[in-house]
Every structure is written in C-alpha cells, then in structure tokens.
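Chain by chain, the residues run as shown.
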Amino acid sequence: MSGPTLPAGLAALVERAGSAAPERPVERWDPPDCGDIDMRITADGTWHYMGGPIGREALVRLFASVLRREPDGRYVLVTPVEKLGIRVDDAPFAAVEMAADGEGRAARLTFRTNVGDVVTAGPDHPLRFALEAETDGLKPYVLVRRGLEALLARPVAFELAELASAHEGRPGVWSGGAFFAFPEAAHG
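Residues numbered from 1 in each chain as written. Predicted model: local features only at pLDDT ≥ 70, side-chain atom pairs only at ≥ 80, totals over all residues. Heavy atoms only, no water.

A closer look at the side chain of Thr113
By the element assignment, Thr113 lies in strand S8 (residues 108-113). Under the relative-accessibility criterion, Thr113 is labelled buried at 0%. Contacts of Thr113, omitting those with residues within four sequence positions, involve Phe93, Ala94, Ala95, Val96, Val144 and Ala150. (Helix = DSSP H or I, 4+ residues; strand = E, 2+ residues; numbered from the N terminus. Buried < 20%, exposed > 50% of the residue type's maximum accessible area, 1.4 Å probe, protein only. Contact = heavy atoms within 4.5 Å.)

Printed below as a string of structure tokens:
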C-alpha cells in the first residue's frame, strides 16, 4: 500500500479498528416503515437484541452500516425493502480510542469507534459537548457520519480534557483546523 506514512499512534489506531462493514447509501433508500423491533444500543455503545447483548462483532458492524437517524430524531435500521425502529439510550456509537497528533491549530484528534469507524475531528466531523445533568460533567461527542455520533468513552474523554487549551478566552480543543469550545458551565 502506497501513500503518506501515518504517525505511529494513528497507524496503530487504524489497525485496531479492523474492517468496518462497507458504508451503505442509506440516505437514498426510502422503504416502508415496518415499525419498531426489540433492539437497543446502550449508553456504552453495546448493541442488544431482545434483552441480551449481541456478541458477534461482525453482526454489530453490519447493523451499524445500515443505521440512520431520521429527521425527527428516531433511529432506524434501513435496507432497500424495510425500515425498522430501534432504541438508542444516548449516542449510537462509542469512541473507544483517540490518537492526537500536532499542537494548536495544527492538531488532529482521530477517534476509533466501537464499530470500526475512524474519524478525525474537524469541520466535517465536529466535536460537540453536552453537560451531564446528574453531575454537570462534560460529555463529548464526535460526529461519525450522517447525523450519527459517538460518545467518547470516559478514558477517552479524560485524554481529550488533558489536551485543552484556551482560544479567545474559552477553553476547548483544536482539531482539523477548528476550535471546539467547552460549554460555559463546564469551566465556569
């Protein structure tokens, strides 16, 4: 394979991601809605069917490749012939690892999800921060694709927080040439 050499941390992250299921054109499919099924994605990114976790990683990756978020916020598994609603407790994916390269405006934060996606935060994959109601703790998310986000796992969120710097008086992080400011209550 030719091309640019990746920094060691990023190359290792990409290798650990393995092969994700190929991306499907779910935004172009408009099948009939067949109702909801007993499938749930818990806040830690674990996929469950009929109350039990789905243990086959390849099957989870396949389901993730046909997951879509509807304009009303509902999550559905969609194929060319049917659409099935599922429950998602928080975000459908979990960012389980991060590789940081560069500093300041030149920084690149790349995340690996539990379903094999690898994305670098920036204008096309922005970071978003929410405050956890119970603790006022910071919950960081990264946009993975088509309205589907990954919640950063707690250890990854701590790594991200260690990279914080200030820009125009606001703490946050740089990645892909963009600055992602933490919410006011998280640092005030």
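Re helix H3 (residues 154-162)
Think of an α-helix as 3.6 residues a turn; residues three or four steps apart then line up on the same face. When H3 is considered as a whole, its buried residues turn out to be Val156, Ala157 and Leu160. Burial along H3 is one-sided: seen end-on, the buried residues are contained in an arc of 100°. In H3, the exposed residues that point more than 90 degrees away from the buried face are Arg154, Pro155, Phe158 and Glu162. Considering only its buried residues, H3 is in contact with strand S7 (93-101), S8, strand S10 (127-131), strand S11 (138-145), strand S12 (148-152) and strand S14 (170-175). (Arc of directions from axis to C-beta.)

Things to note about the confidence of the model for the protein chain
Per-residue confidence for the protein chain averages 87 on the pLDDT scale, and 87% of its residues sit at or above 70. The least confident element of the protein chain is helix H1 (residues 8-17), whose mean pLDDT is 52; the most confident is S12, at 97. (pLDDT = per-residue confidence, 0-100.)

Some details on the sheet that holds S12
In a beta sheet, neighbouring strands pair by backbone hydrogen bonds and run either parallel or antiparallel. Taken in spatial order, the 6 strands of this open sheet run S9-S8-S7-S12-S11-S10, and their pairing is mixed. Single-partner strands in this sheet number two, and they are strand S9 (118-120) and S10. Adjacent strand axes in the sheet meet at a mean angle of 40° when their direction is disregarded. Here S7 pairs with S8 via 6 bridges, running antiparallel. Across the sheet, residue Glu97 finds its bridge partner in S8, namely Arg112. Running over the sheet, H3 touches S7, S8, S10, S11 and S12 and is turned about 30° from S7. (Pairing = 2+ DSSP bridges. Axes fitted to C-alpha atoms, helices over the stretch in contact; angles between N-to-C directions.)

Remarks on helix H2 (residues 57-65)
Buried within H2 we find Val60, Arg61, Ala64 and Ser65. End-on, the buried residues of H2 take up no more than an arc of 140°, which puts them together on one face.

Digging into the pairing of S7
Across 3 bridges, S7 lies against S12 in parallel orientation. The partner of Phe93 across the bridge, within S12, is Ala150. The turn linking S7 back onto S8 is made up of 6 residues, and Gly102 within it adopts a positive phi angle of 80°.

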